[in-house]
Amino acid sequence: AKFAKIAMFEPSDSQECIDMTKEAYKVSETYGVPVMIRMTTRVCHSKSLVEEQDRQEVPPVLYQKQREKMDAVPAISKKRRYVVEEREEKLKGYSEICPFNEVEMHDTKIGIIAAGAAYMYAKEVLGDQASYLKLGFTYPLPMEKIKAFADKVDELYVIEELDPFMEEQIRQAGIACHGKDVIPNIDELNPNIVSASVLKKQQHGVEVPDSCFVPRPPALCAGCPHRGFFYELGKRKDTVMVGDIGCYALGGSAPLNAKDLAVCMGSSFSVAHGFSHGLQLSGQNKRVVACMGDSTFFHTGINSLTDVAYNGSNAICVILDNRITGMTGHQDNPGTGYNIKGEPATLIDVEAVVKALGIKHVRTVNPLDLKAMKETLDWAFAIEEEPSVIITKWPCVLKKYSKEDKAQFNLDKTPCVVDTDKCIGCKKCLSTGCPALRYDSENKKSSIAQADCVGCTVCMQVCPVQAISRKGDK
Ligand SMILES: Cc1ncc(C[n+]2csc(CCOP(=O)(O)OP(=O)(O)O)c2C)c(N)n1
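Residues numbered from 1 in each chain as written. Predicted model: local features only at pLDDT ≥ 70, side-chain atom pairs only at ≥ 80, totals over all residues. Heavy atoms only, no water.

Peer 1: I would appreciate a short explanation of the nonpolar core in the present structure.
Peer 2: Among soluble globular proteins, nonpolar side chains are generally buried collectively. Counting 52 residues, the largest nonpolar core has Phe229 and Phe297 as its most contacted members. With 6 residues, the single largest contributor to this core is helix H13 (residues 370-382). Residues lining this core come from more than one domain, with at least three contributed by each of domain 3 (226-408) and domain 4 (416-470). If we ignore the near neighbours within four places in the chain, the residues touching Phe297 are Phe269, Met292, Ile302, Leu305, Ile319, Val350, Val353 and Val354. Core analysis: the next-biggest nonpolar cluster, separate from the first, contains 20 residues, Ala118, Ala130, Tyr132 and Val194 among them. (Core = buried A, V, L, I, M, F, W, Y, C linked by side-chain atoms within 4.5 Å. Buried < 20%, exposed > 50% of the residue type's maximum accessible area, 1.4 Å probe, protein only. Helix = DSSP H or I, 4+ residues; strand = E, 2+ residues; numbered from the N terminus. Domains from an automatic or database assignment. Contact = heavy atoms within 4.5 Å.)

Here you go:
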């Protein structure tokens, strides 16, 4: 917000998320400014009661051409700088009277300035032992209000997570305060850390013995179509595997171990492109495989693949097409044939897009068919001079299937079972990392949780003694 010179709100609970969003629209319209609502993990992951409010209908604003404001060419941008500076001064004035920047006076030995979740922690630890300036509008800061508050307390603490964003500005205004001299700049805060930093004493919550916890790292779902791809890829050595942002981020963990690195959404193909060249130039004989989901491909992966096709490398680019945007909650995307409201829409064909970019070697495969998956990887590894694309195509196991999915894929979800007489306890099935599998270390036998299994058959295909079958099959 500071860098872009725009306004910023920081809610600390669900009610404030609503109230500040409403206010943000008003601020945006009044001052002609984009407004950032800064959400942090703890606020996003918490739930609190909210008061329902009536929807306020606002008449549409009629469009008027305003080239002197909207056309970002240098001659106009230069003049806009004056407007932005004037606007910031006005926003400083608003910050002083903003109802979300509230003073709460109690004992004045300690004064706390905080926003968002950090305010909640301070309040929980210090209660009435401190006075507070709770900031909800945090850029620009209400410096007059801060000065007046600082004058009323003996010692001022600015409590904020990670970087000293408010603290630096407050110090710059000549106001003495504690901040990162006592509060760590690593990790999220919590009441214990605030207590140790401000009161110099440990808080003790409820003691829970370690034995109550079973470490359960996040895993791909039982039946996730990404599993077949990672299972086969993880077996290859001398390979650099570039991941991306989606459910397949989980392909890096044990036992699949099929990822070296990931950067940001849509980057994997261009990262792989650079990597391939770097490895080749430095004489390292490794192939680079990159993967991303269908939604990520449409988001920014097309640009990434353009880079690979145009600039030329032998990266193996894999599009994990599970027919939906899995990780963030099953939003449709341009490849599903439905728009975000679930209405029928133009289906953009991934394979056609890949070919249109100039990629000559393209294959589509069912990733849950391990033999076909392995053969497809062999095919791509054999193409040594040019880029290739593999599209793994099978719907996400949690997807509400469309009629096209039902017509296109055999979606039999009959679970698999282990024949314990045949099971030799080799644990090969466990190497798929499927959470539906159990292992009884006393009897040295695997079993499959029937409520979890959806019959993807990956474990069945890896079992060396055919001890696993679909329920009802011989
Ligand atoms: C730039 C950016 N925008 C949005 C997100 C949030 N996000 C994380 S995963 C994801 C969806 C990934 O979907 P897809 O690539 O289809 O993979 P899937 O989870 O279905 O396997 C999104 C939108 C992000 N991490 N980065």
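Peer 1: I tried to follow helix H6 (residues 143-152) on my own but got confused; where do I start?
Peer 2: For the α-helix, the turn length of 3.6 residues means that residues three or four positions removed from each other point alike. Looking only at H6, the buried set comprises Met143, Ile146, Phe149 and Ala150. Burial along H6 is one-sided: seen end-on, the buried residues are contained in an arc of 120°. Opposite its buried face, H6 presents the exposed residues Glu144 and Asp151, each directed more than 90 degrees away. Contact partners of the buried residues in H6: helix H4 (74-97), strand S3 (102-104), strand S4 (110-115), strand S5 (130-135), strand S7 (155-159) and helix H7 (165-172). (Arc of directions from axis to C-beta.)

Peer 1: Please explain the domain arrangement of the protein as it appears in this structure.
Peer 2: One frequently used descriptor of interface size is the decrease in accessible area upon assembly of the parts. Domain boundaries in the protein define domain 1 (7-48 + 65-97), domain 2 (102-199), domain 3 (226-408) and domain 4 (416-470). Placing a centre on the C-alpha atoms of domain 1 and another on those of domain 4 gives a separation of 55 Å.

Peer 1: Would you take a moment to explain the packing of aromatic side chains for this structure?
Peer 2: Geometry of an aromatic ring pair is reported as the spacing of the ring centres plus the angle between the planes. Enumeration according to the criterion identifies 9 aromatic pairs in this entry. Look at Phe229 and Phe230: their rings are 5.0 Å apart centre to centre, the planes differ by 55°, and that puts the pair in the tilted class. With relative accessibility at 2%, the residue Phe230 sits in the buried group. Aromatic pair Trp394 and Phe409: ring centres 5.1 Å apart, planes at 70°, arrangement edge-to-face. Placement of Trp394 in the loop between strand S12 (388-393) and helix H14 (403-408) and of Phe409 in the loop between H14 and strand S13 (416-418) is noted, with a sequence separation of 15 residues between them. Given a relative accessible area of 16%, Trp394 falls into the buried group. In textbook terms, an aromatic cluster arises when at least three aromatic residues are bridged by ring pairs, as seen for Phe9, Tyr31, Tyr94, Phe100 and Phe137. Here Arg236 stacks its cationic end above the ring of Phe381, 4.8 Å away from the centre of that ring. Here Arg287 stacks its cationic end above the ring of Phe381, 5.8 Å away from the centre of that ring. (Phe/Tyr/Trp six-rings, centres within 6.5 Å; stacked < 30°, edge-to-face > 60°. Lys NZ or Arg CZ within 6 Å of the ring centre and 35° of its normal.)

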